[in-house]
Amino acid sequence: MENSSSKAYEQSGVDITSGYKAVELMQKYVQATLLDGAKIDKGGYGLFELPSNYTHPVLVSGTDGVGTKLKLAFILEKYDTVGIDCVAMCVNDILRLGARPIIFLDYIACGKNQPEVVANLVKGVSKGCIDSYASLVGGETAEMPGFYKEGEYDLAGFSVGIVEKDKIIDGSKLKEGDVLIGLASSGVHSNGFSLVRKVFDIDNKSKDELLKPVAELGGKSLGEVLLEPTKIYVKPVLELLKEVEVHTISHITGGGYYEKLARSIPKGLKGVIYKDEIEVLDIFKYIQKVGNISIHDMFNTFNMGVGMVLAVDKKDVEKTIEILKNNNQKAYCIGQIEKSDKEKVEVR
């Protein structure tokens, strides 16, 4: 006999069977992320046994979403990369304190549950988790007809990491003369897309228009370049922390250098960025040109080609760059720490 309450729910626009199908399709991606200590019980709830090799473990948590970059994914009908963005935005944030991600949960809200689309979103989340040591131990898919348009969705995540208490990177060791090392980004990442959409009138462009080759982007399409997933810095930075004392880590996201770098700098010091040292990616040059945006606003909004900034003692610069290079992460000097009683960040 059919459950009358389920039938009524389906008549409201929520397809319960699609939800079951989505869960079935995503299972292989979820299972691929589960490391030692991670477990999912029969009710679908995640558990994680803390590692025993920590003396004074501290948990670090972070949550974030993909933002309006999703609009581009809707138009291009490409769903397997924004999940990587979702993970990256969370794990890169907790990495700032020197924490190793251990668990991740995702939240997907949509107008209509399309199992294949949801599974592709989780496929991207799974890849992001594998690239950052995080186990995908849970999540939620909410079908909300009448609230989200059919074919549109929101995607957010939550991550928890672990770090020894005496290894927390809080900026307290930062000093005058420290060198700022920039870690190359993969593109715009997942910030500044409200401005990007306005500059290129993204919302009113078709899929074909967004996939046309653009000379200023080396022949790649605007859609392809903008949808490039956010770089995950976890593995190379954690390898670096085994050998080098890093004084600060800044994840360059919304607010650019002026906000994110400033957060990690204590009173009496400032970070000086030499803009001519930054290897600005073509996409940022194109955004600035089309949008007629000032250089200050560019550095106040975008990563400009550097997604993470580390501060190390000058004696450790070569070693730092070499270790990162050996772990497939391009890095180079972009500035230094100076004394200051006024601004926390200066772009020269």
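This structure is a prediction, so every number in the text was calculated from the model and none was measured.

1. Thoughts on the confidence of the model for the protein
Predicted coordinates in areas of low pLDDT are best not read in detail. For the protein, per-residue confidence averages 91 on the pLDDT scale, and residues scoring 70 or more make up 91% of the total. Confidence drops under a pLDDT of 50 for residues 1-5, and excluding neighbours within four residues, the segment shows 1 contact in the predicted structure.

2. Side note on the pattern of salt bridges
For the structure shown, the criterion picks out 20 salt bridges. A salt bridge links Glu239 to Lys242, with the shortest nitrogen-to-oxygen separation between them at 2.9 Å. We classify Glu239 as partly exposed; its relative accessible area is 25%. In this structure, Arg263 and Glu259 form a salt bridge, with 2.8 Å as the shortest nitrogen-oxygen distance. Remark: Glu259 and Arg263 occur in helix α10 (residues 256-263); sequence separation between them is 4 residues, near one turn of the helix. Within this structure, Lys270, Glu338, Glu343, Glu346 and Arg348 form a network of salt bridges that share partners.

3. Section: helix α6 (residues 193-200)
What α6 keeps buried is the set Phe193, Val196, Val199 and Phe200. Viewed end-on, α6 has its buried residues packed into an arc of 120°, placing them on one side of the element. Buried residues belonging to α6 abut α3 (69-76), α8 (222-226) and α11 (282-291). At the C-terminal side of α6, Asp201 shows a positive phi close to 50°.

4. Looking at the sheet that holds strand β5 (residues 135-143)
Taking strand neighbours across the sheet as the criterion, the 4 strands line up as β3-β6-β4-β5 in an open arrangement whose pairing is mixed. The open sheet has two free edges, formed respectively by β3 (57-65) and β5, since each of these has just one partner strand. On average, each strand axis in the sheet is inclined to that of its neighbour by 15°, with strand direction left out of account. Against the sheet, helix α5 (residues 115-130) touches β4 (100-110), β5 and β6 (153-164), its axis set at about 165° to β4.

5. Brief notes about the sheet that holds strand β8 (residues 246-251)
Reading across from one edge, β8-β10-β7-β11-β9-β12 is the order of the 6 strands in this open sheet, with mixed pairing throughout. Looking at the sheet topology across the chains shown, the edges are occupied by β8 and β12 (345-347). Adjacent strand axes in the sheet meet at a mean angle of 25°, parallel and antiparallel pairs treated alike. In this sheet, strand β10 (residues 306-312) lies alongside β8 in antiparallel orientation, the contact comprising 5 bridges. Paired with His251 across the two strands is Met308, which belongs to β10. Sitting on the sheet, α10 touches β7 (179-184), β8, β9 (269-273), β10 and β12, and the angle it makes with β12 is about 145°.

6. Digging into the nonpolar core
One finds Tyr153, Leu222 and Ile287 to be the most contacted residues of the largest nonpolar core, which totals 89 residues. With 8 residues, the top contributor of residues to this core is helix α4 (residues 82-95). Those residues in contact with Ile287 that lie beyond four places of it in its chain are Val188, Val196, Val199, Phe200, Asn292, Ile293, Met298 and Phe302. Residues Ala38, Val137, Val160 and Ile162 belong to the second largest nonpolar core, which totals 6 residues.

7. Points about the environment of Lys127
If you trace the backbone, Lys127 turns up in helix α5. It is 14 Å that separates the C-alpha atoms of Lys127 and Cys90, two residues lying 37 residues apart in sequence. In terms of polar contacts, Lys127 uses its side chain to reach the side chain of Asp131, at 2.8 Å.

8. Here we look at the packing of aromatic side chains
Aromatic ring pairs: the centre-centre distance and the angle between the two ring planes describe each pair. Applying the stated rule across the entire model yields 6 aromatic pairs. Ring geometry for Phe74 and Tyr153: centres 4.8 Å apart, planes at 75°, overall edge-to-face. Of this pair, Phe74 sits in helix α3 while Tyr153 is found in strand β6, placing the two residues 79 residues apart along the sequence. By relative accessible area, Phe74 is classed as buried at 14%. Aromatic pair Tyr257 and Phe299: ring centres 5.3 Å apart, planes at 50°, arrangement tilted. Separated by 42 residues along the polypeptide, Tyr257 in helix α10 and Phe299 in helix α12 (residues 295-299) bring together distant segments of the chain.

Conventions used here
- Residues numbered from 1 in each chain as written.
- Predicted model: local features only at pLDDT ≥ 70, side-chain atom pairs only at ≥ 80, totals over all residues.
- Heavy atoms only, no water.
- pLDDT = per-residue confidence, 0-100.
- Contact = heavy atoms within 4.5 Å.
- Salt bridge = Lys/Arg side-chain N within 4 Å of Asp/Glu carboxyl O.
- Buried < 20%, exposed > 50% of the residue type's maximum accessible area, 1.4 Å probe, protein only.
- Helix = DSSP H or I, 4+ residues; strand = E, 2+ residues; numbered from the N terminus.
- Arc of directions from axis to C-beta.
- Pairing = 2+ DSSP bridges.
- Axes fitted to C-alpha atoms, helices over the stretch in contact; angles between N-to-C directions.
- Core = buried A, V, L, I, M, F, W, Y, C linked by side-chain atoms within 4.5 Å.
- Polar contact = N/O pair within 3.5 Å; in protein donor to acceptor, adjacent residues only side chain to side chain.
- Phe/Tyr/Trp six-rings, centres within 6.5 Å; stacked < 30°, edge-to-face > 60°.

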